[in-house]
Protein chains: 2
Amino acid sequence: MLRLGIDVGGTFIKAGVVDESYAIVHKVSVPTEGDAGYRPVVQNIARVAELAAREAGRSVKDFALVGIGIPGLLNPRTGVVVSAPNLNGWRDVPFLDEIRNLLPAPVRVGNDANCAVVGETLAGAAKGNENVVMLTLGTGVGGGIITDGRLFTGGHGLGAELGHMVLHMDGETCGCGMDGCIEAYCSVTSLVKQTRRAMEADPTSAMHGYAREAGLVDGRTAFECSKMGDKAAAKVVEAYCRYLARSIGSLVTAFRPDVVLIGGGLSNQRAYLMDKLNALLPKYVFASDVIGVPPVIRATLGNDAGTIGAAYLDRM
Amino acid sequence: MLRLGIDVGGTFIKAGVVDESYAIVHKVSVPTEGDAGYRPVVQNIARVAELAAREAGRSVKDFALVGIGIPGLLNPRTGVVVSAPNLNGWRDVPFLDEIRNLLPAPVRVGNDANCAVVGETLAGAAKGNENVVMLTLGTGVGGGIITDGRLFTGGHGLGAELGHMVLHMDGETCGCGMDGCIEAYCSVTSLVKQTRRAMEADPTSAMHGYAREAGLVDGRTAFECSKMGDKAAAKVVEAYCRYLARSIGSLVTAFRPDVVLIGGGLSNQRAYLMDKLNALLPKYVFASDVIGVPPVIRATLGNDAGTIGAAYLDRM
């Protein structure tokens, strides 16, 4: 039977019809229209589901499951979205109850980063693994954990906010308001900050020319210039990889995954990033001399991970 | 039916006969004798089980379960002890297989800190809670997690080593060889280090007289002198509580417990410690403004927590 995975973003709601081999056979999207509160968004979600069904030659009731990924803190059992800053600040929204009334199919909801790890574990880079930690490096740092083949979300489904665990107490200020979170060092936003600082400190760095040509400083600036031999850029990359490896090491110590996945745009650095992380990791994992460390690899499904994972939330 | 909980320490093996109301009705102990490898220890465990059974007027086969807590890294399913530094460096010992051959009763094994959180959740300070994080502050920092009423131990049962998660990257060196672990800031060993440093920096501190009278500097020195109004001691306590609160905040962000338990000798500081931790915690938990924070309370069963938890390992 077909399933529908829906990814609710701040700007667009994207839906994918997913078949039994985890392939996305049809995609549609509609604007989120979150400005007027949550009800129009709920209606748009129902609309995208009907649209996807129709375009796939079915109706919504033909889907074995409609799974919905939300960018926020939610209790996956009650379906209450406690907080979703990217959706115009939803607070305590009884999301699952509302959307269930509009969809004639079984519905599951999950945090978007959790949907991504489910997708990658069922059909992507972590396929066949029972214990997985995934970090998605973007504007923030999203996290997802699979333990013993089940999605781990902590008490009331509100935990596993890995980006806001501590890396460096009293360190860099995080977007969340706390100091020293993993996100404050390992997000692409933070990498860009670190890159800018290094550029200010070294006017001769090749990063200036690279950024001028690209029209901006972004997550690629330091990595690409480091590859070309720029020393200031290499230092930025080295420091960034240490932050990330120390964070991963701490998560491995807690969750002991068989594989660690890196998602988000930065994972396009492929071996250049993964090789550095894998080389650093043993130093940062408790008892790595006796237990070893898991490999750090690139997530492979990109944005589809969230769609596939949402459609199969009930599998994990 | 009665059960037997066994706590294997570096010096003594302690056993407690536990009844159906979680009361320890009889206690015995024998020396560990770990100098000659693991086999004599296994035999001593069997011996203490027989001794406990006999003294309670039963035989080992009358126990519904014999649960054994081990101070080390082990896979609770296979029962292989991967590493146990306090037991003369056990490495990859097929512990459960060996002890099962000697005991005519069902046997379960667990990490000692995990046994403690099971005991406290079934019968102690966290009774009735489904989501619990416990930190035992001693020579090191032990950790245990209950999520949705089940013991969480990570992949292969080898995770949840909370004391070796990162608090301050590149910070204090930890006993494990890594830098900046929670244990390197929050263990009693670390508190004593922090106390000594403050004493060296301030020869006028009341801590000098207190330590002279007590005959040593220990986990009480700074706390007791702070209560008496010593400023240098108050600074040590303040810094220590911040380290501990930031660590707890990070664990709450990951595991979202309903209650956080503090065990070990330092928990005898009771409200003087807990009030400070509870006051600091909201600052250190992700989204505490929308989700709130759990209370931090004192574990109440002391050493009995491990015995009771071991005897009821199958319940969680």
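Each chain carries its own residue numbering, running from 1 in the written order of its sequence. Chain letters start at A and ligand numbers start at 1, both assigned in the order the entries are written. In view of the model being predicted, local features appear only for residues whose pLDDT reaches at least 70, and side-chain atom pairs are presented and counted only at 80 or more, with totals across whole chains, interfaces and linings using the full set of residues.

Asks: Go over the domain arrangement of chain A with me, naming the residues and quoting the values.
Replies: Buried accessible area, meaning the area lost when the parts come together, often serves as the stated size of an interface. Residues and elements named next belong to chain A. Where each domain begins and ends follows an automated or database-derived domain assignment. By domain assignment, chain A separates into domain 1 (3–121 + 304–315) and domain 2 (129–298). Using only C-alpha atoms to locate each centre, domain 1 and domain 2 end up separated by 28 Å. Taken residue by residue, the interface counts 15 residues in domain 1 and 16 residues in domain 2. Of all the secondary-structure elements, those providing two or more residues to the side of domain 1 that touches domain 2 are strand E5 (73–75) and helix H3 (112–123). The greatest single-element share of the side of domain 1 that touches domain 2, amounting to eight residues, is contributed by H3. When grouped by side-chain class, the residues that make up the side of domain 1 that touches domain 2 number nine nonpolar, three polar and three charged. By the criterion used throughout, residues are in contact when their C-beta atoms, derived from the backbone, lie within 7 Å. Strands here mean DSSP runs of E at least two residues long; helices mean DSSP runs of H or I at least four residues long; both are numbered from the N terminus. When residues are sorted by character, Ala, Val, Leu, Ile, Met, Phe, Trp, Tyr, Cys and Pro go into the nonpolar class, Asp, Glu, Lys and Arg into the charged class, and all the rest, Gly among them, into the polar class.

Asks: Pulling in residues and values, what's your account of helix H2 (residues 95–102) of chain B?
Replies: Residue and element names in this part refer to chain B. Exposure classification rests on a simple neighbour count of other C-beta atoms within 10 Å of a residue's own: a residue reaching 20 or more is buried, one at 12 or fewer is exposed, and one in between is partly exposed. C-beta atoms are placed from the backbone. Residues Phe95, Leu96 and Ile99 constitute the buried set of H2. In a view along the axis of H2, the buried residues occupy a sector of 85 degrees, so they form one face of it. Taken together, the buried residues of H2 touch helix H1 (38–55), strand E4 (66–70), strand E5 (73–75), strand E6 (80–84), strand E7 (90–93) and strand E8 (107–111). Taking the helix axis as origin, the arc is that swept by the directions to the C-beta atoms.

Asks: Lay out the interface of chain B and chain A in plain terms, naming residues and giving numbers.
Replies: In this complex, chain B contributes 35 residues to the contact, which on the side of chain A involves 35 residues. Within the residue set of the side of chain B that touches chain A, elements represented by two or more residues are E6, helix H8 (231–255) and helix H10 (288–291) of chain B. The residue inventory of the side of chain B that touches chain A, partitioned by class, reads 19 nonpolar, eleven polar and five charged.

Asks: Hey, could you go over the sheet that holds strand E1 (residues 3–8) of chain A for me, with residue numbers and the actual values?
Replies: All names here are of chain A. Taken in spatial order, the five strands make up an open sheet running E3-E2-E1-E4-E8, and their pairing is mixed. The open sheet is flanked by strand E3 (24–31) and strand E8 (107–111), the only strands paired with a single partner. Neighbour-to-neighbour, the strand axes of the sheet open up by a mean angle of 20 degrees, direction not taken into account. One requirement defines pairing of two strands: DSSP has to find at least two bridges between them. Of the pairings in the sheet, the one linking E1 to strand E4 (residues 66–70) comprises four bridges and is parallel in character. Bridge pairing in E4 places Gly5 opposite Gly67. Throughout, an axis means a line fitted to C-alpha atoms (over the contacting stretch in the case of helices), and angles, computed between N-to-C directions, take values from 0 to 180 degrees. Sheet contacts for helix H1 (residues 38–55): E1, strand E2 (12–18), E3 and E4; angle to E3, the most-contacted strand, approximately 145 degrees. This element, H3, spans E1, E4 and E8 of the sheet and lies at about 105 degrees to E8.

Asks: Run through helix H11 (residues 304–311) of chain B, naming residues and quoting values.
Replies: Burial runs high along H11(B): eight of the eight residues are buried. Here H11(B) has its buried residues at B:Asp304, B:Ala305, B:Gly306, B:Thr307, B:Ile308, B:Gly309, B:Ala310 and B:Ala311.

Asks: Residue-level account of the relation of the copies chain B and chain A, with values.
Replies: Copies overlap after least-squares fitting; the atoms used are the C-alpha atoms of residues with pLDDT of at least 70 in both. Each copy superposes on the other: chain B lies on chain A with an RMSD of 0.0 Å after a rotation of 180 degrees and an axial shift of 0.0 Å. Overall, the copies show the geometry of a two-fold rotation axis. Looking at the rotation axis and the C-alpha trace of chain B, the residue lying nearest is B:His168, at 2.1 Å. An overlap of 100% is found between the interface residues of chain B and their copies at the interface of chain A, pointing to a shared contact surface.

Asks: Before we move on, could you go through the sheet that holds strand E6 (residues 80–84) of chain A and cite the residues and values that matter?
Replies: Residue and element names in this part refer to chain A. Taking strand neighbours across the sheet as the criterion, the three strands line up as E5-E6-E7 in an open arrangement whose pairing is antiparallel. The sheet is open, and its two edges are formed by E5 and strand E7 (90–93), each paired on a single side. Each neighbouring strand pair of the sheet contributes to a mean axis angle of 10 degrees, computed without reference to strand direction.

Asks: Outline the nonpolar core, supporting the account with residue identities and numerical values.
Replies: Among buried residues, those of type Ala, Val, Leu, Ile, Met, Phe, Trp, Tyr and Cys that are joined through C-beta atoms within 7 Å form a set called a nonpolar core. Counting 222 residues, the largest nonpolar core has A:Ile6 and B:Ile6 as the members making the most contacts within it. In this view, A:Ile6 contacts A:Ile13, A:Ala15, A:Ile45, A:Val48, A:Ala49, A:Val66, A:Gly67, A:Ile68, A:Gly69 and A:Ala310; residues no more than four positions away in its chain are not counted.

Asks: With reference to specific residues and values, describe the environment of B:Phe286.
Replies: Relative to the assigned elements, B:Phe286 resides in the loop between helix H9 (270–280) and H10. Among residues more than four places away in sequence, those in contact with B:Phe286 are A:Glu161, A:His164, A:Cys176 and B:Thr253.

Asks: Please give an account of the environment of A:Asp148 that cites residues and values.
Replies: Inspection of the secondary structure puts A:Asp148 in the loop between strand E10 (141–147) and strand E11 (150–151). Along the primary structure A:Asp148 and A:Ala126 are separated by 22 residues, whereas in three dimensions their C-alpha atoms are 13 Å apart.

Asks: Quick rundown of the pairing of E6(B)? Include the residues and the values.
Replies: Residues and elements named next belong to chain B. Judged from the three bridges that link them, E5 and E6 form a sheet pairing that is antiparallel. Residue Leu74 lies in a different strand from E6, and its bridge partner there is Val81. Where E5 folds back on E6, the antiparallel hairpin that results is connected by four residues, among which Gly79 adopts a positive phi of roughly 75 degrees. Note that E6 and E7 share three bridges and pair antiparallel. Residue pairing for E7: Ser83 is matched across the bridge by Arg91. As consecutive antiparallel partners, E6 and E7 are separated by five residues, and within that stretch Asn88 has a phi angle of approximately 50 degrees, a positive value.

Asks: Tell me what's going on with the pairing of E4(A), and back it up with residues and numbers.
Replies: Looking along a regular strand, one sees the side chains alternate between the two faces of the sheet. Residue and element names in this part refer to chain A. Across the five residues that make up E4, a large majority, five, are buried. Residues Val66, Ile68 and Ile70 line one face of E4 and the alternating positions Gly67 and Gly69 line the opposite face, and both faces are buried. Taken together, the five bridges between E4 and E8 define a ladder with parallel strand orientation. Within E8, the position partnered with Ile68 by the bridge is Val109.

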